[in-house]
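Structural overview
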Amino acid sequence: MIRLGVNIDHVATLRQARRAHEPDTVAAAVLATLGGADGITIHLREDRRHIQDRDVFRLRETVTTRLNLEMAAYDEIVEIALKARPDEVTLVPEKRQELTTEGGLDVVANAASVRGAVERLKGAGVHVSLFIDPDPAQIDASAQFGADAIEFQTASYSEAKGAAVEAELEKLRTATARAVGLGLHVHMGHGLNYWNVQPIVRIAGVEELNIGHSIVSRAVLVGMERAVREMKQVMQEHYPNPRKSG
């Protein structure tokens, strides 16, 4: 079964809107875990627009599953990751003016910084994933630079309409097969919701999905535990049944 990592950034977004103490990210992580989350994902951005340094360390102390820290390959943020020691770091691109992450990390163009961050993090025993487009050159570079996993950005798929949806799905299928052939673990995320996730869970080789906005949006109405449980149920219902031997 594919793992579900629940991104709780927007719980912190709501808190930071008032610079208050609630909603609490630790409480959100606990409820997500009770709902069936296999891990918790957070993005520590350079501008600290939602997740704060304190959140990283508090969640590292309290998350009982896996803590995945999304971050750009900035020296300051790498140092924080080395101190916090999350289970996994996912290196992502980052622009101050963007509303959310736009596209995948250009591993090829940023070879020096990416390779350096990967080496430092892996040297500290941290599992490293790279958030990339489903592009052969990016996949090959990720394997060359020693990444343990890659996370394909699914924004292009999530935003596609009509015949373009199947075309984007085929890109993801082909890219997944290439990555698995190179020994990389494959994750996916960005823009996935309770409906468009259904074809994604049927792609052979995908091990993990990281989903945030749609779950947190649903949680505002029905609560975090139920919102996560409903996503897990959708994933389980559409995950291919293993073939029975004999």
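To keep things clear, this report deals only with the structure shown in the data block.

The rules behind these values
Residues numbered from 1 in each chain as written. Predicted model: local features only at pLDDT ≥ 70, side-chain atom pairs only at ≥ 80, totals over all residues. Heavy atoms only, no water. Buried < 20%, exposed > 50% of the residue type's maximum accessible area, 1.4 Å probe, protein only. Helix = DSSP H or I, 4+ residues; strand = E, 2+ residues; numbered from the N terminus. Pairing = 2+ DSSP bridges. Right-handed = clockwise from strand over helix to strand, strands pointing away. Contact = heavy atoms within 4.5 Å.

Our next topic: the pairing of strand β4 (residues 88–91). In summary, the side chains of a regular strand alternate between the two faces of the sheet. Here β4 shows a buried face lined by Glu-88 and Thr-90 and a second buried face lined by Val-89 and Leu-91. Alignment of strand β3 (residues 67–71) against β4, held across four bridges, turns out to be parallel. Looking at β4, one finds that Glu-70 is bridged to Thr-90. Where the polypeptide runs from β3 across helix α4 (residues 75–84) and back to β4, its parallel neighbour, the crossover connection is right-handed. Across four bridges, β4 lies against strand β5 (residues 127–132) in parallel orientation. Across the sheet, Thr-90 pairs through a bridge with Ser-129, a residue of β5.

Mapping Gly-104 onto the fold places it in the loop between β4 and α5 (111–123). Separated by 20 residues in sequence, Gly-104 and Ala-84 place their C-alpha atoms 25 Å apart. Each residue touching Gly-104, except ones within four places of it in the same chain, is listed here: Pro-93, Phe-131, Ile-132, Asp-133 and Gln-153.

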